[in-house]
Each structure stands twice: as C-alpha cells, then as structure tokens.
Amino acid sequence: MSGFDEVFDYVVVGCGGGSMCAGLVMRKAGKSVLILEKTNYAGGTTARSGGVMWIPNNRFMKRDGVEDSYEKAMTYLDAVVGDHNDTPGATRERRGAYVVEGAEMVDFLVGQGVKLNRVGYWPDYYDELPGGSEKGRTVVAELFDVNELGPWKSRLRPNFLSVYATLDEALSLRHLKHSWASRSNMAKIAVRTIVSKLTGKHPVTAGAALQGRMLQASLKAGVDIRTETPVSELIVENGGVKGVATVKEGRPWRVGARLGVLVNAGGFAHNQKMRDEYQPGTSVKWTMTAEGDTGELIQEMMRHGAAIAQMEEMVGNQMSIPPGMEDNPIKPVVQGMTAAPHAILVDQTGVRYMNESGSYMAYCKGMLERNNLAPAVPSWAILDSQHLSKYGLVGTLPGTPKPERWYKEGFLHKADTIEELARQISIDPATLRATVDRFNGFVAKNHDDDFERGERAYDRWLGDTYGSPNPSLGSISEGPFYALQVVPGDVGTYGGVVTDAHARVLREDGAVIPGLYATGISTASVMGRSYPGAGSSVGPSFVWGYVAAKHAASAAA
Ligand SMILES: Cc1cc2nc3c(=O)[nH]c(=O)nc-3n(C[C@H](O)[C@H](O)[C@H](O)COP(=O)(O)OP(=O)(O)OC[C@H]3O[C@@H](n4cnc5c(N)ncnc54)[C@H](O)[C@@H]3O)c2cc1C
C-alpha cells in the first residue's frame with residue numbers, strides 16, 4: 001500500500017465497546033491492529049457505563065443451571081424485536097448471528113484472561129413474553145484493580161460509580177432502610193473498601209472494570225492504542241475503504257489498513273444538530289454519554305454511501321436534574337423512582353399514561369410519544385410521604401430532609417393536599433385528584449387495570465423488591481405530597497449505519513462497502529427499536545466488534 005505514513009492490518013476508529021474485542025481477535029490471528037481514540041481516555045462511554053452485556057445462552061448461565069438455548073433466545077427476540085421493514089439493523093439473520101456469536105465471544109474473552117461473570121438476578125425487560133428469562137442474561141466483568149494498568153491507569157475513562165461494589169450490590173443499596181440483604185451488601189462493600197485502602201489497591205467497577213480488563217488484555221496482546229488521536233476521514237480508493245486520516249504530533253497522518261477499518265466511534269448524543277434532525281424534542285443537556293459522542297464518523301460513513309436507519313432511537317434514561325447539577329456529566333437517573341410504591345408519573349395535564357416500571361428506553365419513548373398528544377416533556381412524578389420515608393430521592397437518603405434549594409428553586413414541590421400540589425405545578429386539581437384516586441383504587445385491589453404495573457418480574461425487581469403485597473404498587477395517601485419533574489434523558493443514541501451479519505457496512509441497495517465494518521452505537525442496533533434486557537447496547541458493541549474482526553481476519557486467510 002502506498003501513500004500512507006503507516007500501515008496496519010486492521011484499523012479501529014474509537015476505543016469503545018467492541019474495539020478492543022476486535023483488537024484481541026486480530027492479535028490472536030497474528031495480525032497487527034491500531035486503535036485510534038480522539039479523547040484523552042480509552043474505554044468510551046462503555047467505561048463510564050454499567051458495563052453489563054446482554055448475552056443469551058452464555059457459559060455462566062449454563063454453569064449456574066439457568067435455562068436458555070438458541071431457540072429460546074430467538075423466540076424472545078422475535079417477540080420483542082420482531083421483523084419490521086424500517087429496522088434493517090435488526091433482521092432475523094442478524095439476530096441469529098448475535099445469539100450464536102455472543103455466547104462464543106464471551107468464551108473467547110474468558111480465554112483471553114478477561115474475568116467475566118453473570119449477574120445473579122436481573123430479569124429481561126419483557127420477561128413475560130415468550131422466551132423471556134426471569135433470572136436474566138446479563139454478563140458483567142469482575143471488579144478490577146486499575147493499578148494493574150501501570151502507566152495506562154490514568155488513561156482509562158472513569159466510571160459513573162465511585163464505590164467498590166458490583167453493580168447489583170450497588171443497586172441493592174436502594175433498599176438499605178428495610179432490607180437485611182442490602183445492609184449485608186453495604187457491610188461487604190465497606191470491608192472491601194478498607195482492605196483495598198490498606199493494600200494500596202485502586203479498585204474500579206462496572207464499565208471501568210470491563211474496559212480496564214479489556215485494556216489490560218489488549219496491551220498484553222500487543223494491540224497498539226493511541227488516545228488524543230481523532231480520525232477525520234476514511235480514505236477510499238476504487239470504492240473500497242483503504243485507511244483513515246488522523247493526526248500524529250500535530251501533523252496530518254494517513255494510516256493504511258490492509259484488511260479493513262472498523263468504526264466503533266459511538267453515536268451522536270452530544271450533537272444537537274443531529275438530534276434536532278433525527279430526534280426532535282431531545283437535548284444534549286440530558287445525556288450521560290461521554291463527550292466524544294458527536295456523530296462525525298456516522299456522517300463520514302454516510303458521505304461514502306452508507307445507508308442509515310433507526311436514527312430516531314435512543315437508549316432513554318429518565319432523569320430529574322436538581323439545581324446545580326445541570327452541567328454535571330453524570331446526571332441523576334431516576335429509573336426506580338416511579339417504579340417503587342407510593343409514586344406515579346403524570347403528564348402536564350395530570351393524567352397517568354404508562355406503566356412506570358418499564359425499561360428506561362420504553363419509559364422515555366413513552367414520554368416522547370405522549371408529548372405528541374399532551375404536554376409530557378417534562379412529566380411530573382407524584383410521590384407521597386411514605387415514598388420519601390422509605391426510598392432515597394435523587395441521591396438523598398430515605399427519610400432525610402431535602403436540600404432547601406430544591407424547594408426554593410422549584411425543583412421539588414411539597415403540599416399538604418393533592419389539590420394544593422396540583423395548583424403549585426399548574427395542573428387542574430380535580431384531574432390530579434381523579435388520577436390519584438384511580439391509582440389508589442388499583443393499589444387497593446392489588447392490580448393496575450390501566451397499565452399492568454407490577455405484573456412482570458422486571459417491574460417488581462425495579463420496584464421495592466422487599467415490599468408487599470406488590471413491590472410496585474403503594475397508595476399515594478399520606479401527606480405531605482411531593483412533585484418533581486422527570487425528563488427523557490439518555491445514555492446513548494441507538495441508530496446509525498446499516499450493517500450485515502458480518503458487521504460490514506451496507507449501501508442503500510444492500511451492497512457491501514468493501515473494507516468498512518462498524519459496531520456499537522455507530523450502527524443501527526440489532527435490537528431494532530427495543531431494549532430486550534440490561535446490556536443491550538454494550539453487548540452488541542462487543543459482539544459485532546468480535547464478528548467484524550473475525551470476518552476480516554478470515555477473509556485474509
Ligand atoms: C452511566 C451509563 C450507564 C450505562 N450502562 C449501560 C450498561 O450497563 N449496559 C449497556 O449495554 N449500556 C449501558 N449504557 C449505554 C452504553 O454505555 C453505550 O451505549 C455504549 O457504551 C456505547 O458503546 P460504543 O462502543 O458504541 O461507544 P463508546 O464506548 O462510546 O466508544 C466510542 C469511542 O469512539 C470515540 N470517537 C468518537 N469519534 C471519534 C473520532 N472521530 N476519532 C476517534 N475516536 C472517536 C469516542 O471518544 C469513544 O471513546 C450506559 C451509559 C451510561 C452513560
């Protein structure tokens with residue numbers, strides 16, 4: 001290859017979910033591989049994230065006797081994702097490849113020394129549908145001592161959690177006030193933290209543990225990783241991608257790629273112009289993605305003829321942002337707030353409009369869809385005193401006084417009656433009263449006739465696991481009453497270029513763009529317009545990175 005400053009077998013754009021997985025596959029095949037990352041951190045939003053991967057039929061399920069199979073997983077994906085003309089990222093062929101390759105990818109990573117495990121209980125988000133798994137299909141990395149990265153330690157993107165706890169331990173802390181299991185986890189975390197301090201360890205969890213372990217394995221395997229090295233262009237010759245344009249020591253630098261280029265450059269959550277075009281009503285102010293998520297590589301692939309799809313989709317995450325936290329990159333998500341008893345969500349007319357326990361993606365989608373019928377962005381969470389005394393609220397502990405500033409600046413509203421609360425938030429008092437009365441009627445008979453809240457294992461898990469008789473339902477009956485706004489935030493966009501079952505980027509006519517692969521949220525998701533279970537974003541990023549590199553390496557053989 002001529003005209004390049006450097007040539008590798010495979011070049012990966014972005015150091016996110018699937019990129020290091022692809023790097024490991026290439027190194028195993030004896031190929032040279034370069035990962036170019038534009039920010040000063042390796043790991044992408046994936047390192048900031050929960051780091052859980054939704055991988056059906058994985059080895060840990062088999063080990064623990066949790067029932068699953070290719071057929072069962074496909075039945076579930078058929079039910080949740082289905083076949084639709086407008087979701088070319090989620091064809092049945094791709095779904096099938098995902099199920100087969102995902103389990104294989106986990107085996108491969110374990111073989112590379114990446115310590116993974118399953119989360120004991122995290123129900124699929126539609127566990128009630130055929131093929132759904134109540135125990136869940138979620139794979140996670142074991143806790144990681146970041147000191148093991150040596151000089152790379154400071155270049156791993158930090159996680160949103162700063163406690164030395166697994167994600168499920170951290171999640172259980174919601175129930176500290178009335179659960180012994182939660183208190184026992186708290187004690188475990190405290191002991192672990194003290195021991196790590198005494199032994200000089202610097203433990204990280206969730207996505208940072210996953211990407212820390214991936215970084216460690218990749219460096220050991222000889223993957224060349226460069227941070228602060230943005231890719232500005234794909235280099236295309238005779239219709240095929242031959243390399244990328246980047247920079248080195250401030251100078252333009254052209255890197256050739258003999259076997260192809262893999263784009264794993266994230267989505268466009270930080271690009272308001274693209275949001276306005278594809279996802280009107282959403283805002284860069286409500287995203288938790290890392291700052292590199294600006295969409296230019298999706299645009300660059302489009303420039304070279306790539307088809308795009310599912311661009312309207314995002315992985316929503318409901319948020320209530322108190323004063324002072326508007327510019328914080330880690331926003332307060334309130335996934336469990338209205339899923340727990342003594343709480344509902346209403347639109348700005350005071351009407352309840354969905355099951356408040358659905359997956360975060362479905363929840364935010366519900367808000368945006370409702371907004372087409374009645375103002376619902378933001379919506380209002382309505383809570384009573386029982387809720388505040390039992391559960392934490394936006395990062396504060398149960399039963400504790402809430403910051404004065406929250407009331408003064410109109411973030412949290414408080415009133416002795418529902419009618420007075422309604423007046424404070426400009427809702428018709430009679431409407432809100434009727435909504436609350438109707439909900440309380442459902443609580444009394446232990447069934448939500450309108451939205452079936454609490455009927456799924458997932459709803460109950462997200463609610464008050466230790467509450468009774470229904471962990472999702474509890475009356476809104478004890479004053480004072482409270483209201484706070486909820487907005488449809490996100491943890492990433494979910495649409496992008498269309499790829500095939502080998503992760504090759506396709507044109508509108510279905511033809512492959514030679515030499516160009518893509519994974520992660522730079523692509524139209526294999527999950528279509530749905531989120532089947534925890535890890536439906538990081539999982540696909542890893543799996544398609546694995547698939548892409550395998551394909552490119554075998555094409556060379
Ligand atoms: C707090 C939080 C928790 C979450 N928890 C989970 C979870 O547990 N499971 C799950 O599935 N999803 C979760 N998500 C969503 C998930 O993290 C993201 O959707 C996913 O990590 C995206 O992975 P990716 O590989 O596509 O991109 P990323 O991991 O973001 O990697 C893309 C990389 O490309 C780089 N890049 C961009 N442009 C360029 C360029 N021009 N040149 C070079 N590099 C470039 C970016 O800087 C970035 O480092 C969570 C998100 C957040 C914020």
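Refer to the preceding data block for the structure.
Before going into details, it helps to say that this report is about the structure given with it. All values reported here derive from a predicted model rather than from experimental measurement.

Quick notes on the rules
- Residues numbered from 1 in each chain as written.
- Predicted model: local features only at pLDDT ≥ 70, side-chain atom pairs only at ≥ 80, totals over all residues.
- Helix = DSSP H or I, 4+ residues; strand = E, 2+ residues; numbered from the N terminus.
- Rg over C-alpha atoms; globule rule 2.2 N^0.38 Å.
- Buried ≥ 20, exposed ≤ 12 C-beta atoms within 10 Å, placed from the backbone.
- Contact = placed C-beta atoms within 7 Å.
- Core = buried A, V, L, I, M, F, W, Y, C linked by C-beta atoms within 7 Å.
- Pairing = 2+ DSSP bridges.
- Near = placed C-beta within 6 Å.
- Nonpolar A, V, L, I, M, F, W, Y, C, P; charged D, E, K, R; others polar.

Within the protein chain one finds 17 helices and 20 strands. Its C-alpha atoms give the protein chain a radius of gyration of 24 Å, near enough to 24 Å, the size a compact globule of 557 residues would have. Its C-alpha atoms give the protein chain principal-axis dimensions of roughly 75 × 55 × 50 Å. Expressed as a percentage of the 557 residues in the protein chain, the buried residues total 55%. Contacts in the protein chain between residues far apart in sequence, at least 24 positions, make up 75% of those at least 6 positions apart.

Bringing the nonpolar core into the picture now. Among the nonpolar cores identified, the biggest contains 164 residues, and Tyr 10, Val 261 and Ile 382 are the most heavily contacted of them. Among the elements that make up this core, the one with the highest residue count is helix H17 (residues 538-556) (ten residues). Setting aside residues no more than four positions away along its own chain, Val 261 makes contact with Val 11, Val 13, Leu 234, Val 241, Gly 243, Val 244, Gly 515, Leu 516 and Tyr 517.

Taken together, the three strands give an open sheet; going across it, the order is E3-E5-E4, and neighbouring strands pair in antiparallel fashion. In the strand order of this sheet, the two ends are held by strand E3 (53-54) and strand E4 (116-118), each with one partner. Relative to strand E5 (residues 138-141), E4 is paired through three bridges, and the arrangement is antiparallel. Bridge assignment links Arg 118 to a residue of E5, and that residue is Val 139.

Moving on, we get to the site of the ligand. The local shell around the ligand holds 42 residues, among which Gly 14, Gly 16, Gly 44, Gly 292 and Gly 520 are the closest. It is helix H2 (residues 44-48) that contributes the most residues to the shell around the ligand, four residues altogether. Across the shell around the ligand, the residue classes break down as 15 nonpolar, 22 polar and five charged.

With that settled, consider the pairing of strand E13 (residues 314-319). In terms of burial, E13 is largely enclosed, as six of its six residues are buried. Every second residue of E13 is oriented toward a common face, with Met 314, Gly 316 and Gln 318 on one face and Val 315, Asn 317 and Met 319 on the other, all of them buried. Examined bridge by bridge, E13 and strand E17 (residues 481-493) share five bridges and lie antiparallel to one another. Among the inter-strand pairings, Met 314 is bridged to a residue of E17, identified as Thr 493.

Before going further, it helps to examine unusual backbone geometry. The linkage connecting Val 377 with the following residue, Pro 378, adopts the cis geometry, with an omega of 0°. Put simply, Gly 479 and Pro 480 share a cis peptide bond, and its omega is -5°. Mapping Pro 480 onto the fold places it in the loop between helix H16 (457-462) and E17. Of note in the backbone geometry, Asn 238 takes a positive phi value of approximately 50° without being a glycine.

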